[in-house]
Amino acid sequence: DDDLCSLMARAHDHLGLAILSSQLQGVGIHSIAGCWATLTPRVAGGEILVLSDFVAAGYRPPLAPLGALVAAIHSALRNCGAEAISTGAFHVENAQGGRAWLLRCSNRGKATPSCVDVGSTELFGLSGASSDPYVLIEALKIELKLSA
């Protein structure tokens, strides 16, 4: 549990911005270490990250169990005004060589904005956040029917 992604999940949990495995299992979502509304989104509309459970070195973590949570995240982002949502999945490794999925669900804003929604600063992860991560995580808790 000392890999960077798990540490990020725990840090966001200490700030009240995460939903960890035990809470997710209580609503029937398994194989997820946790999810969090990030303090440092790569897009101005905000971002929720998901970390699956790690599997042993040499094995691939399953992607299918993340579907229900991603659907809930998309619904929560739409409830916060998102019309265009980007979701990307990446493999991450821990020190023991175990692998997990890290998903980024990003609120791209309106589907037909008056300007382009990505700029050179966003490509380098230097976005000016214009969303409140506490609003995003509360919207997800409502979607998952978790008590706040």
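Residues numbered from 1 in each chain as written. Predicted model: local features only at pLDDT ≥ 70, side-chain atom pairs only at ≥ 80, totals over all residues. Heavy atoms only, no water.

Q: Please set out the pattern of salt bridges residue by residue, giving values where relevant.
A: Scanning all chains against the criterion turns up 2 salt bridges. Between Arg-104 and Glu-47 there is a salt bridge, with the nearest N and O atoms lying 2.7 Å from each other. Of this pair, Arg-104 sits in strand E5 (residues 99-109) while Glu-47 is found in strand E3 (residues 47-52), placing the two residues 57 residues apart along the sequence. Taking relative accessible area as the criterion, Arg-104 reaches 23% and is therefore assigned partly exposed. By relative accessible area, Glu-47 is classed as buried at 1%. Linking Lys-141 and Glu-138 is a salt bridge whose minimum nitrogen-to-oxygen distance equals 3.6 Å. Of the two residues, Lys-141 and Glu-138 are both situated in helix H5 (residues 133-144); the distance of 3 residues between them amounts to about one turn of the helix. The class of Glu-138 is partly exposed, set by a relative accessible area of 29%. (Salt bridge = Lys/Arg side-chain N within 4 Å of Asp/Glu carboxyl O. Helix = DSSP H or I, 4+ residues; strand = E, 2+ residues; numbered from the N terminus. Buried < 20%, exposed > 50% of the residue type's maximum accessible area, 1.4 Å probe, protein only.)

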